[in-house]
Amino acid sequence: MEEMSMESNYLDGLMRPKSIAVIGASADSSKIGHSVLKNIIEGGYEGTIYPINPKADEILGVKCYKSLLDVPGEIDAAVVTIPAKFVLDAITEAGKKGVKGLIVITSGFAEVGNKELEQEIVDKAHEYGIRVLGPNIVGTLSNAEKLNASFAPVLPLPGKGALVSQSGALLIAIDMATFTRRVGFEKLISIGNMSDVDFADLVEWLDKDENTSSISLYIEGFKDGRKFMDVAKKVSKPVIALKSGVSAHGAAAAASHTGSLAGAAKVYGAAFQQSGIVQASDLGNLFDLSLALSLQPPMKDDNLLIITNGGGVGVLATDAAERFNLPLKFAPKDVQEELKKHMPPFGSAKNPVDLTGMAGYDWYYKSVKFSFSHDWVDGLAVLYCETAMTEPMDIAKGIKKAIDESGIKDKPVCVSFVGGEKSEKAMQWLVENGIPSYGGPDLAIHALSALREYARMKEIVSETEEKVTKVDKAAALAVIKAAREDGRDALTEIEAKEVFAAYGLPVTVTQLAKTEDEAVSMAKEVGYPIVMKIVSPEILHKSDAGGVKVNIKDEASCREAFQTITANAKAYNPDANIHGIAIQEMAPWGTEVILGSVNDSTFGPTMMFGLGGIFVEVLKDVTFRVAPVSKKSALRMIEEIRGAPILAGVRGEAPRDREVLAEIISSYANMIVDLADEISESDANPVLVYEVGKGVKIVDARIILKK
């Protein structure tokens, strides 16, 4: 199937139609075709409406047509509500009529196993240059177009953000929740099966939509994760994503440490971070972040100032700031001196700035205006506890006036009022006037942290990838080819190390001994002490099989180890094909880390880094990136894990060579991209990291090939 155009205006006919048809419009109020037509009319749509029903002359006062071909005017979009078996014929009519986009509400396609019919409708639509939204969707809603082309009850509360949902039922719930949560959306779009138009298409189109300032997504899964990442990296508007179904990833049992640790939450989280997408933790958080990112600019640096009239909410906000990676700093002396003019002597100007319960309109107005204008302040949180001495609406108006008069447009401000009905109305007024407001101080701080995170990620997205040139792909492919010809989909350790070496990765010297005498001879060549390990494609986790002996210092110990390892391996798996025993230099002790990869079904080659050793699956101190990975990104991976201080040097230990380690991570990521058609999973574990200047050594290697 030929991929349709990704030009930003190509979806205009679908998303911004000047005329719309309802195929399957019905006079029966129990039918979806009736609900959709009724919603289009009652929503106030100003374009031309064409109900299509061969058995009716008019429905809801609108003239009906027997088919699309009977319509006298042009049709931009058509909503499809007829049974699945009739949709192909409707698409043929739509193509002949010149319809630009189809909103296919009808279900009964891939979601129930009918993938062939779904593909047929897309192929047929593409023959005529038609884009398909759906099938199996609720429809689309747009306040700007006054168009409710869905069976959701009403257009959402107006706002500046757009929301795209893979779940139809959730979209309807969100539609109604906009009124109770007082968080509006300009557009709500149901995406359903994504047979044609997908998240990437809509994000690209919404980025150019003048009525939309942020893009929120409810995601169950992607068909093409890399396409989505490529688009998301380029957009200028903030994107917020809530990913569900992160408790498991794939049904197949993993053969590597990396495969067992690469859950959907971590892989999707890495993809979002690399694409500049802010991730929501739950549905409530999606609303909160959508509000902030649709109304406020990013927070360019870390200096957050909190102004409050209550010590308690100030402490809660301080705790939240640390929890959300925006720890507070004391304000500079000049800031403190000015703020002391707007509080009693027992107030505090440090940060949080406690104006005390005596603070009214004037103190809030003057403190906010000065603080927001000061160069030190990068973002401002204004908190208010309702008191008998003040009117919440007065405080809200003081805050708004101060922000407006400051003239500052490139800093964010978020507000939290804690109180009763008056506070709720004041916060609603603030939101309507462009200032995000929340019922709890932690929510306001979380919103500001998202604005800071967004700014950080946009900087990361703009980084360029370094080119890796020192590779011998042909040598790596030759090793892989030989293993495949042997009927294997797992390389031996020695073969895996040969592949690693072809990509410049520093592996330990390792030779294969097939007999006891060969082992002794090779041990002398490598030099004692040595490590001896079983080599068998069927025994991937060698320690579990008693297949590893370390610190072998002489010939007698070498012979004994050969016999013991062989016996252990046969007892562990009597059917295992034992190639021999690996004779390996015994690298000096270093800090153990793990490098690894999975070829993810959604995002392709994905890189893992973490603390290594035999307990990696217990500790799970790992982080992921979708490959390739730049050296700068690799350094951030090293800093992200909980064990980062170990590599930095603690309790008298010298710092480890993190610069070289980052280069190795980047080279490893380049390898898995280069060999993406061959490698399914891989591990380098342990990887020993030495003091600065002494580098890194890969001790063990594992590669599982694609079947």
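As shown above, the structure is provided for reference.
Owing to the predicted nature of the structure, the values given are computational and were not obtained by experimental measurement.

(A) Expanded view of the overall build of the chain. Summing up its helical and strand segments, the chain has 24 helices and 29 strands in all. Seen through its C-alpha atoms, the chain measures out along the principal axes to roughly 95 × 80 × 40 Å. A burial count over the chain gives 56% of its 707 residues as buried. A fraction of 72% describes how many contacts in the chain between residues 6 or more apart in sequence connect residues 24 or more apart. Roughly 29000 Å² of accessible area belongs to the chain as shown, and the carbon and sulfur atoms make up 51% of that amount. Distance between charge centres in the chain, computed from 76 positive and 96 negative side chains, equals 3 Å.

(B) Examining empty space enclosed by the protein more closely. Following the criterion strictly, the structure yields five cavities of 30 Å³ or more and no others. By volume, the largest cavity amounts to about 70 Å³. Taken together, Leu-491, Thr-492, Glu-493, Ile-534, Val-535, Ser-536, Pro-537, Ile-539, Leu-540, Lys-542, Ala-701 and Arg-702 make up the full set of residues lining the largest cavity. For the lining of the largest cavity, a count of residues per class yields seven nonpolar, two polar and three charged. Lining the second largest cavity, in full, are Met-194, Asp-198, Phe-199, Ala-200, Phe-222, Lys-223, Asp-224, Lys-227 and Phe-228. Partitioned by chemical class, the residues of the lining of the second largest cavity number five nonpolar, no polar and four charged.

(C) Broad picture of the side chain of Asp-198. Relative to the helices and strands, Asp-198 resides in the loop between β11 (185-190) and α6 (199-208). According to the relative accessible area criterion, Asp-198 is buried, its value standing at 15%. Here Ala-200 takes part through its backbone nitrogen, which lies 3.2 Å from a polar atom of the side chain of Asp-198. When neighbours within four sequence positions are excluded, Asp-198 is seen to be in contact with Ile-191 and Lys-227.

Reading the values: rules and limits
- Residues numbered from 1 in each chain as written.
- Predicted model: local features only at pLDDT ≥ 70, side-chain atom pairs only at ≥ 80, totals over all residues.
- Heavy atoms only, no water.
- Helix = DSSP H or I, 4+ residues; strand = E, 2+ residues; numbered from the N terminus.
- Buried < 20%, exposed > 50% of the residue type's maximum accessible area, 1.4 Å probe, protein only.
- Contact = heavy atoms within 4.5 Å.
- Areas by Shrake-Rupley, 256 points an atom, 1.4 Å probe, with all protein chains shown as cover.
- Lys, Arg positive; Asp, Glu negative; His and termini not counted.
- Charge placed at Lys NZ, Arg CZ, Asp CG, Glu CD.
- 1 Å grid on protein atoms, 1.4 Å probe; cavity = no way out; pocket = protein on both sides within 12 Å on 5 of 7 lines; lining within 4 Å.
- Points joined across faces, edges and corners; volume = space filled by probe spheres on them.
- Nonpolar A, V, L, I, M, F, W, Y, C, P; charged D, E, K, R; others polar.
- Polar contact = N/O pair within 3.5 Å; in protein donor to acceptor, adjacent residues only side chain to side chain.

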